[in-house]
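Chain by chain, the residues run as shown.
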Amino acid sequence: MKHLNKLFLLIFVLAFAIGCSKSSDPSPAATIVGKWKASTIKGSATVLGQTQSISEAIDATFEFKADNTFTGTGTINALDTDVVNNTSVSGKYTFSGSEVTMTYTDPSTKKETVETYKVTISGSTMTWNINLDAYKKLVANDPSAALALAFISALDLNITLQKQ
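The paragraphs below set out a description of the structure included in this document. Chains are numbered independently. Their residues run from 1 in the order of the written sequence. Only residues with pLDDT of at least 70 are given local features in this predicted model, and only at 80 or more are side-chain atom pairs given and counted; all residues enter the totals for whole chains, interfaces and linings. Hydrogen atoms and water are omitted, and side-chain values are computed over all heavy atoms in the structure.

**A look at the pattern of salt bridges**
Only one rule defines a salt bridge in this text: a Lys or Arg side-chain nitrogen within 4 Å of an Asp or Glu carboxyl oxygen. Inspection of the entire model under this criterion finds two salt bridges. In this structure, Lys-118 engages Glu-99 in a salt bridge whose closest nitrogen and oxygen atoms are separated by 3.5 Å. Highlighted residues: Lys-118 in strand S6 (residues 112–122) and Glu-99 in strand S5 (residues 99–105), separated in sequence by 19 residues. Note on Glu-99: relative accessible area 34%, which makes it partly exposed. What counts as a helix is a DSSP run of H or I of at least four residues, what counts as a strand is a run of E of at least two, and both are numbered from the N terminus. Relative accessibility decides the category of a residue: with a 1.4 Å probe and only protein chains considered, values under 20% of the type maximum give buried, values over 50% give exposed, and everything between is partly exposed.

Listed below in structure tokens is the structure:
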């Protein structure tokens, strides 16, 4: 009888342990590897105390490769109303946690440019967010942008990309 009780206890403990165990398969980490098509920049900026909505068109494609290189091509209607047509850039990127940082040589200035965005991925949609502090870093070496930044007190932009 003692052995039978021990056997039942062992079966109960094993059944409980198996029933309560967590899956050993971790959920896959979000990845940006692949081709992504950007279509809009939306958000707001506060300039001279007035908050303005921003909604601008983008026709750009980014390809992020597994070797941490990327290419970007397309047309961007920039925040200062300049239109950048048929631009092509390539460089290196890092994607860690919820941020992507892209480093490339700007084709117009021939200077190294570093862009960092907060990233959220939901299904086949990726959103890049940039705020005023990140934008200041992006345009730090551009004297004309420094003057414009003197009048901007808040900035919150989202760039929406779809997986291709």
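**Looking at unusual backbone geometry**
Trans is the common state for peptide bonds, and a negative phi is the common state for residues other than glycine. Despite not being glycine, Leu-48 shows a phi value in the positive range, around 50°. Within the element layout of this structure, Leu-48 appears in the loop between strand S1 (34–47) and strand S2 (50–64). Although it is not a glycine, Asn-68 adopts a positive phi angle of roughly 65°. Judged by its relative accessible area of 32%, Asn-68 falls in the partly exposed class.

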